[in-house]
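Letter by letter, the chains look like this.
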Amino acid sequence: MRAYNPMTVIRQTSRHILKMFFVEQKCLECLDFDKDKLYEIQDAFRTLPEKVLRKVEVVMRNVFNFVGNDSIMLRVLDDAQQQEIEIGTEFAELKSKYDRAFYIYLHHRELWDEHCAFMQVDNLPSRHWCRCPNLPKCTPATDKIACQELGRQISAFFWQKQVRGKKYMIEYQKRNNDLHYYFVYLSDYANSYEAWSENSEELERRNETRVINMVFAYDEHFGTLDTYNLGGKNIAIVLQKIFCDAVLGHNLVDKQILKSAFDIDRLKYRQNMPHAMPHAGITRAWISCLEFHHYGAGKRRTHRMTLDEVISNDEIYSVMEHDLDRENIALSLVSVRFVRIMLEIELNGIKRRMAIELTRNSCTLKSNADDLRKIGELFIQEHEIDVQPNLF
């Protein structure tokens, strides 16, 4: 994941968009964005008061995250189309991704806020997600009593095992019609941390009890539970059992959590390339990004190939085969780490586009609208990418 840098945002954004943003934020009005040099704008930004800077940087960090994930803007435009929101011809003329993100913030605040709400959870590291399939397809309990019971059981487990997590709080949010999120906050071990004082130039040492974060994402349509935690698969198994008991009223038997919930490695073979599924409304499918690694010269090497637009649906395979042939590497020695599949879909006479990003144990489908998410789930199952439903 790229490290946020506000200077990158300022440098990559056009002057007239920057001017509109800082006018909206009621700061840097003294600048002439058309004539002042870049370093003068950056220097003025550095002199902003602390409170103003924090408020501005919240938006700029979200813009940075928008730009770093092409799927987010794709979902924003799809939601605008479904809600019959006219984005405007000015947007189509913008070339910079930063300009486009700022444009949505400035002119379509409801769309912006809606997608920012779940952007942080969508950007959590994929390696810490685990999926549990084949659960009851039922409406989960979302009332205060159920959330309290979920928190109580998780707190008791961590307190007995690790002597932390005594304090807890559960937040429930419904993302789509069938997708339910439960955010878990537990108290961590107490520790001392250094921080700059807000009232002086002094460095302060503070004793703090910080927070352990966990997330449950339950899809009642498919009966799947995605769990995020930093404790590994053994902790994930316990968390899944607790969730099923407290929220679904279901006794979950022991299940093996595979290291790979999604068999993306099969996509390295041309014969397994994604294809259209007219019966599901998918008129075209192709891979726009593929990352793989292999061992060579005594160390692991990583390749990432990205194609913005393709003429042929198998274009990524031609690029990969060219690179492998050049280095004399057998395809059997390649291991796929990340893939982005693009789908063109036609529903009710309306053409739409969706991106599915997959690693071995994570999938971005839960970030999409309900109808697209269901089509995507069907797509990865019929292409034998989602391997866990067939295990139990």
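Every value quoted in this text rests on a predicted model; they were computed, and no experiment measured them.

### Remarks on the overall build of the chain
No. 1: Looking only at helices and strands, one finds 13 helices and nine strands in the chain.
No. 2: Across its three principal directions, the C-alpha atoms of the chain cover 65 × 55 × 55 Å.
No. 3: The buried share among the 392 residues of the chain stands at 49%.
No. 4: Nonlocal contacts in the chain, meaning residues at least 24 apart in sequence, comprise 65% of its contacts between residues at least 6 apart.
No. 5: For the chain, the exposed area adds up to about 20,800 Å²; of that, 48% sits on carbon and sulfur atoms.
No. 6: For the chain, the distance from the average site of its 53 positive side-chain charges to the average site of its 57 negative ones is 5 Å.

### Comments concerning the packing of aromatic side chains
No. 1: In the structure shown here, the tally under the stated rule is 16 aromatic pairs.
No. 2: Seen from their ring centres, Tyr172 and Tyr182 are 5.1 Å apart, and the 55 degrees between their planes marks the pair as tilted. Pair noted here: Tyr172 is in strand β2 (residues 168-174) and Tyr182 is in strand β3 (residues 179-196), with a separation of 10 residues, a long-range link.
No. 3: The class of Tyr172 is partly exposed, set by a relative accessible area of 26%.
No. 4: Relative accessible area serves as the criterion here: at 0%, Tyr182 is assigned to the buried category.
No. 5: Ring geometry for Tyr181 against Phe183: centres 5.9 Å apart, planes inclined by 20 degrees, an arrangement best described as stacked.
No. 6: Across from the ring centre of Trp286, 4.2 Å away, lies the NZ or CZ of Arg284, which sits over that ring.
No. 7: Note that Lys366 overlies the ring of Trp129, its terminal NZ or CZ placed 4.4 Å from the centroid.

### What to know about unusual backbone geometry
No. 1: Despite not being glycine, Leu28 has its phi angle at roughly 60 degrees, a positive value.
No. 2: Looking at where Leu28 falls in the secondary structure, it is placed in the loop between α2 (15-24) and α3 (38-46).

### Thoughts on a nonpolar patch on the surface
No. 1: A cluster of nonpolar side chains, namely Trp159, Val163 and Tyr189, defines an oily patch on the protein surface of about 300 Å² accessible area.
No. 2: Mapped onto the elements, Trp159 comes out in helix α10 (residues 144-162).
No. 3: The exposure class of Trp159 is partly exposed, given its relative accessible area of 37%.

### Section: helix α4 (residues 50-68)
No. 1: Across its 19 residues, α4 extends 26 Å between first and last C-alpha, which sits within 8% of the 27 Å expected from 1.5 Å per residue.
No. 2: If you look at α4, its biggest bend is around 25 degrees, right at Glu57.

### Quick word on the environment of Val163
No. 1: Among the secondary structure elements, Val163 is positioned in the loop between α10 and β2.
No. 2: Expressed as a C-alpha distance, the spacing of Val163 and Asp188, which sit 25 residues apart in the sequence, is 9.0 Å.
No. 3: Setting aside its immediate chain neighbours within four residues, Val163 contacts Phe158 and Tyr189.

### A short note on the confidence of the model for the chain
No. 1: Confidence along the chain averages 86 in pLDDT terms, with 94% of residues attaining 70 or more.
No. 2: Per-element mean pLDDT across the chain ranges from 79 in strand β4 (residues 203-219) up to 94 in helix α7 (residues 97-107).

### A word on the packing of α4 against helix α8 (residues 109-116)
No. 1: Relative to each other, α4 and α8 sit at 75 degrees, their axes nearing to 12 Å. The orientation of α4 relative to α8 falls into the category roughly perpendicular. In contact with Val59, Asn62, Val63 and Phe66 of α4, α8 contributes Trp112, His115 and Cys116.
No. 2: Tallied by class, residues from the contact of α4 with α8 come to five nonpolar, two polar and no charged.

### Notes on the environment of Phe243
No. 1: Within the secondary structure layout, Phe243 lies in helix α11 (residues 233-248).
No. 2: The residues touching Phe243, leaving out its near neighbours within four places in the chain, are Leu150, Tyr182, Phe216, Tyr218, Leu225 and Leu248.

### Quick notes on the layout of surface pockets
No. 1: Here the largest pocket defines a volume of roughly 1,600 Å³.
No. 2: In this structure, the largest pocket is lined by 44 residues; those nearest its centre are Leu124, Pro125, Ser126, Phe338 and Thr359.
No. 3: At the level of secondary structure, the elements contributing two or more residues to the lining of the largest pocket comprise α4, α5 (70-82), α9 (119-122), β1 (129-132), β6 (282-296), β7 (299-306), β8 (335-347) and β9 (350-358).
No. 4: By residue number, the principal contributor to the lining of the largest pocket is α4, which donates four residues.

### Points about the pattern of salt bridges
Opposite charge on two side chains lets them pair, provided their charged atoms get close.
No. 1: Taken as a whole, this structure holds 24 salt bridges when the rule is applied.
No. 2: For Asp43, the salt bridge is made with Arg46, and the minimal N-O distance between the two is 2.7 Å. Separated by three residues within a single helix, Asp43 and Arg46 lie in helix α3, roughly one turn from each other.
No. 3: What makes Asp43 partly exposed here is its relative accessible area of 38%.
No. 4: Across the salt bridge formed by Asp226 and Arg131, the nearest N and O atoms sit 3.1 Å from each other. In this pair, Asp226 is assigned in strand β5 (residues 224-228) and Arg131 in strand β1, connecting sequence segments 95 residues apart.
No. 5: Note on Arg131: relative accessible area 6%, which makes it buried.

Reading the values: the criteria
- Residues numbered from 1 in each chain as written.
- Predicted model: local features only at pLDDT ≥ 70, side-chain atom pairs only at ≥ 80, totals over all residues.
- Heavy atoms only, no water.
- Helix = DSSP H or I, 4+ residues; strand = E, 2+ residues; numbered from the N terminus.
- Buried < 20%, exposed > 50% of the residue type's maximum accessible area, 1.4 Å probe, protein only.
- Contact = heavy atoms within 4.5 Å.
- Areas by Shrake-Rupley, 256 points an atom, 1.4 Å probe, with all protein chains shown as cover.
- Lys, Arg positive; Asp, Glu negative; His and termini not counted.
- Charge placed at Lys NZ, Arg CZ, Asp CG, Glu CD.
- Phe/Tyr/Trp six-rings, centres within 6.5 Å; stacked < 30°, edge-to-face > 60°.
- Lys NZ or Arg CZ within 6 Å of the ring centre and 35° of its normal.
- Patch = residues over 30% accessible without salt bridge, like charges linked within 9 Å, V, L, I, M, F, W, Y side chains within 5 Å.
- Salt bridge = Lys/Arg side-chain N within 4 Å of Asp/Glu carboxyl O.
- Expected span 1.5 Å × (residues − 1).
- Bend = angle between axes of the 7 residues up to and from the residue.
- pLDDT = per-residue confidence, 0-100.
- Axes fitted to C-alpha atoms, helices over the stretch in contact; angles between N-to-C directions.
- Parallel < 35°, antiparallel > 145°, perpendicular 65-115°, else oblique.
- Nonpolar A, V, L, I, M, F, W, Y, C, P; charged D, E, K, R; others polar.
- 1 Å grid on protein atoms, 1.4 Å probe; cavity = no way out; pocket = protein on both sides within 12 Å on 5 of 7 lines; lining within 4 Å.
- Points joined across faces, edges and corners; volume = space filled by probe spheres on them.

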